Amino acid sequence: QVQLVESGGGLVQAGGSLRLSCTASTRFFQMYTMGWFRQAPGKEREFVGAISWNGGSTYYTDLVKGRFTISRDNAKNMVWLQMSSLKPEDTAVYSCAAGWKLSLTVRDEYDYWGQGTQVTVSS
């Protein structure tokens, strides 16, 4: 069992930046592809992007490409989502997820999920 805990959410003005963190409780962290998802009120969960096991590759959806950056530190069992040029439509609960050796573009086979952290972008 892998526990994931997100932090770093909050209220930010449009155009601002925010960095989310996700800490994983597993000694096999380096074997997991780590993904970020978000869910806005009344909408389905949306894939934001993912990072490979060694951090060498990343994937972003078109909605966030060029504005968001995912990074990880396997020694710390942590992954981050750096968000910049935030827009009101980025408002959502953001969750990290862990998938065993998943391809970066796979969206529906993640094994473990965090509880999420709220990000609110004001206009």
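First, a word on what this report is: a plain description of the structure on this page. Keep in mind it's a predicted model, so treat the numbers as computed, not measured.

1. Structural notes on the pattern of salt bridges
Considering all chains together, one arrives at 4 salt bridges under this definition. One salt bridge connects D62 with K65, and the closest N-O pair in it is separated by 3.2 Å. Accessibility expressed as a relative area gives 66% for D62, which makes it exposed. For D90, the salt bridge identified is with R67, shortest N-O distance 2.7 Å. Of this pair, D90 sits in the loop between β8 (78–83) and β9 (92–100) while R67 sits in the loop between β6 (58–60) and β7 (68–73), and the two are 23 residues apart along the sequence. Taken together, the salt bridges that share partners define one network made up of R38, E46, R67 and D90.

2. What about the state of the cysteines?
Following the criterion strictly, the structure yields 1 disulfide and no others. With a sulfur-sulfur separation of 2.0 Å, C22 is cross-linked through a disulfide to C96. Since a negative S-S torsion denotes a left-handed disulfide, the C22-C96 link at about 60° is right-handed. You can see C22 sitting in strand β3 (residues 18–24) and its partner C96 sitting in strand β9, a full 74 residues away along the chain. An identical accessibility class is assigned to C22 and C96; each is buried.

3. What about the nonpolar core?
Formed by 28 residues in total, the largest nonpolar core has its most connected members in M34, W36, L81, M83 and Y94. Setting aside chain neighbours within four positions, we find M83 in contact with G16, S17, L18, L20, R67, F68, Y94 and V119. In this structure, A50, A97, L102 and L104 belong to the second largest nonpolar core, which totals 7 residues.

4. Overview of the side chain of R72
One can find R72 in strand β7. Despite its burial, R72 pairs with no opposite charge; the closest candidate is D73, at 8.1 Å N-O. Reaching out from R72, the side chain makes a polar contact with the side chain of N74 at a distance of 2.8 Å.

5. What about the side chain of N77?
You can see N77 is positioned in the loop between β7 and β8. Not counting residues up to four positions away in its chain, the partners in contact with N77 are C22, T23, A24, T26 and F29.

About the cut-offs
- Residues numbered from 1 in each chain as written.
- Predicted model: local features only at pLDDT ≥ 70, side-chain atom pairs only at ≥ 80, totals over all residues.
- Heavy atoms only, no water.
- Salt bridge = Lys/Arg side-chain N within 4 Å of Asp/Glu carboxyl O.
- Buried < 20%, exposed > 50% of the residue type's maximum accessible area, 1.4 Å probe, protein only.
- Helix = DSSP H or I, 4+ residues; strand = E, 2+ residues; numbered from the N terminus.
- Disulfide = S-S within 2.5 Å.
- Core = buried A, V, L, I, M, F, W, Y, C linked by side-chain atoms within 4.5 Å.
- Contact = heavy atoms within 4.5 Å.
- Lys, Arg positive; Asp, Glu negative; His and termini not counted.
- Polar contact = N/O pair within 3.5 Å; in protein donor to acceptor, adjacent residues only side chain to side chain.

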